Amino acid sequence: IMIPLVKVAMPPKERLMPALEEVLYSGMIAEGEYVYRFEAEFAKLFGLPLALSTSSGTAALHIALLLAGVEPGDEVITTSMTAEPTNTVILQCGATPVFADVDPQTGNLSSSAVAAAISPRTKAIVVVHYAGFPADLRGLREIADQRGISLIEDAAHSLGAKYDGQPIGTVGDFGIFSLQAIKHMTTVDGGMLTMRDGGNVALAKKLRWFGMAKGVPRTEVDISRPGFKYNMHNVAGVIGLAQLETIQQRIDRHIENGSFFDEAIPKIPGLTVTRVDKECQPSYWLYSVFSDSSDSLEHCLANAGVAASKLHRPNHLHSVFASVRRPMPQLETYYRRLTHIPCGWWVTDDDRQRIVDALRKG
C-alpha cells in the first residue's frame, strides 16, 4: 500500500455525524454561533490573541494585506517558495510581489534578502513558514519595525508550531492559517486570521462580509468600502469544533515523525534535511529531504511504496509573475535538491522505518 504524501483528517464518524445533522437541520447553516464558538476555541487552543474565521486561508491573507494598508502600486516582499495563492492574492490587491531569496537550508525567506529588497514602495512582508518550519521571525520583525511596515505570517503549513516559545502567528502584525483539505486540520475549506491590534477587528469583520457590519439591519447598514464574501458558515464551524478535540494529538504525531526523521536521515550518506534553529519548534506538515538527485530519490521511494514529490512549484516560474522575476540562486539550489516525504499522523512507526530503509538502500 502506498504511503501518501498528504492525507485528509476527519473526526471520528460517531462524533461528527450527529453534530453535522444537528446543524444541517437547525435552520441556521450560515455564519452563526457554531462559527463563533469555533473561533473562540481555536484562539484558546493555539494561544492566539483572537481568531476570525474565513472561507479560506487565501481570504484571510487578502484581508490581512488590506488591513496592512496594501494598495495598488505598493510592493509586498514575499517568497516564491510557497503555494501560489500566497502571491496571487497580492496581485488581487493591485500590488506588486517582490520575491526575496530563501535560506537554502530551510526554504524560508532570508532576512538579509528581505532587507535588500525593501524600497520606498514596500508596504508589507509576507513570510511563509514553509513545510511547518518557522522562519527567522526575529530578524524579520526587526526589519519590519525599523522600516515601519507590516509583517504578515502565512502559517498555512505551520499550525501548532512555535518560535522562541511564542505560537506561530503571534509575532507578525497579522497571522493567517489554512483549514483546507490536506492541512494539519481541515474544515473541508476555511481559514483563520489573527492580529496583534484588536482595533482592526471591526474592519476585518466588515471586509469578510461585503463591507457590512453583522447584526445591523440591512436597511440601516452603510457600506463605506467594498468587502467580500469571505465568511465561514456553521457547517464548517461544527466540523472545526469536532476537529479541535483531537488536533493536538495529530500535530504531536507529525512532530514525533519529524523528530524521528531528524535523527535518522542525516546519518544516511548523501542526504541532508531542513535545518532547525534553536528558536524553532516545527510542526512538520511536510518533511524535506535534500539530495543531489531528487528524481532518483522520488523513484527509489515510489518503488518502496512511498509517495514523494516537490509538491509546489516556485511561483516566479508562472507566467503571471514573469514581469517580477529576479535571480534567486539560493531558492534554485533549494528546489533542485528538494524532495518531500510523508510525515503526518497517518505515518506509523513501521511506515517511517520503511521510508528510512528505502532512503538508505537508495
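Bear in mind that the values here come from a model prediction, so they are computed numbers and not experimental data.

Asks: Explain helix α3 (residues 57-67) to me, and be specific about the residues and the numbers.
Replies: In terms of burial, α3 is largely enclosed, as 10 of its 11 residues are buried. Of all the positions in α3, only G57, A59, A60, L61, H62, I63, A64, L65, L66 and L67 are classed as buried. The N-cap residue of α3 is S56: its side-chain oxygen and the backbone nitrogen of T58 are 3.4 Å apart. Just beyond α3, the residue with positive phi is G69, at close to 85°.

Asks: Provide a residue-level description of the pattern of salt bridges, including the pertinent values.
Replies: Applying the stated criterion across every chain yields a total of 20 salt bridges. For R208, the salt bridge goes to E31, with nearest N and O atoms at 3.5 Å. A residue pair is termed long-range when its members are at least 10 positions apart, and R208 in the loop between α7 (201-207) and α8 (234-244) and E31 in the loop between α1 (13-24) and α2 (33-45) qualify at 177 residues. R208 gets classed as buried once you look at its relative accessible area, which sits at 3%. Among the ionic pairs, R275 bridges to D277, the shortest N-O distance being 2.7 Å. The exposure class of R275 is partly exposed, given its relative accessible area of 29%. Taken together, the shared-partner salt bridges connect R138, D164, K278 and E279 into one network.

Asks: I'd like a rundown of the nonpolar core, residues and numbers included.
Replies: Judged by nonpolar contacts, the single largest core of 50 residues is most densely connected at F38, F42 and I125. Within the residue set of this core, elements represented by two or more residues are α1, α2, α5 (111-117), β4 (122-128), α6 (137-147), α8 and α9 (247-264). The greatest single-element share of this core, amounting to seven residues, is contributed by α8. The residues contacting F38, other than those within four sequence positions of it, are L179, M185, T187, M192, M232, G237, G240, L241 and L244. Within the second largest apolar cluster, 39 residues are counted, among which are M81, F99, L297 and V324.

Asks: Quick rundown of the side chain of K183? Include the residues and the values.
Replies: Here K183 is to be found in the loop between β8 (174-178) and β9 (191-195). For K183, which is buried and forms no salt bridge, the nearest opposite charge comes from D189, at a distance of 7.8 Å. Of note is the side chain of K183, whose polar atom sits 3.1 Å from the side chain of Q180. Those residues in contact with K183, other than ones at most four positions away along the chain, are A156, H157, S178 and W285.

Asks: Lay out the side chain of N234 with the relevant residues and their values.
Replies: Its place among the elements puts N234 in helix α8. For N234, a relative accessible area of 2% translates into the label buried. Side-chain polar atoms of N234 contact the backbone nitrogen of V35, separated by 3.3 Å.

Asks: Describe in detail the sheet that holds strand β6 (residues 162-163), supporting the description with residues and values.
Replies: An order of β7-β6-β11 is seen for the three strands of this open sheet, with the pairing classed as antiparallel. In this open sheet, the two edge strands, each paired with only one partner strand, are β7 (166-167) and β11 (280-281). The pairing of β6 with β11 spans two bridges and is classified as antiparallel. When the sheet's bridge partners are listed, Y163 is paired in β11 with C280.

Asks: Kindly report on helix α12 (residues 349-361), identifying the contributing residues and their values.
Replies: Over its 13 residues, α12 extends 18 Å from the first C-alpha to the last, a length consistent with the 18 Å expected when each residue adds 1.5 Å. Burial in α12 covers these residues: D351, R352, I355, V356, A358 and L359. Projected down its long axis, α12 carries its buried residues within an arc of 160°, all on one side. Across from the buried face of α12, at angles greater than 90 degrees, the exposed residues are D350 and K361. Where α12 is buried, its residues meet α9, α10 (294-303) and β13 (338-341).

Reading the values: rules and limits
- Counting restarts for each chain: residues are numbered from 1 in the order of the written sequence.
- Since the coordinates come from a predicted model, pLDDT governs what is reported: local features require at least 70, and pairs of side-chain atoms require 80 or more to be given and counted, while whole-chain, interface and lining totals use all residues.
- Hydrogen atoms and water are omitted, and side-chain values are computed over all heavy atoms in the structure.
- Note on exposure labels: buried denotes an accessible area under 20% of the residue type's maximum, exposed denotes more than 50%, and partly exposed covers the range between, all computed with a 1.4 Å probe on protein chains only.
- Numbering of helices and strands starts at the N terminus; helices are DSSP runs of H or I of at least 4 residues and strands are runs of E of at least 2.
- We call two N or O atoms a polar contact when they sit within 3.5 Å, provided that within protein one can donate a hydrogen and the other can accept it, with sequence-adjacent residues counted only if both atoms are side-chain atoms.
- Salt bridge, as applied in this entry: a Lys or Arg side-chain nitrogen positioned within 4 Å of an Asp or Glu carboxyl oxygen.
- Buried Ala, Val, Leu, Ile, Met, Phe, Trp, Tyr and Cys residues form a nonpolar core when they are joined through side-chain atoms within 4.5 Å.
- Contact between two residues is taken to exist if any of their heavy atoms lie within 4.5 Å; hydrogens are not considered.
- We score Asp and Glu as negative and Lys and Arg as positive, and we do not count His or the chain ends.
- For two strands to pair, DSSP has to find at least two bridges joining them.
- Every helix has an expected span of 1.5 Å times one less than the residues it contains.
- Each direction from the helix axis to a C-beta atom contributes to the arc, which is the arc of those directions.

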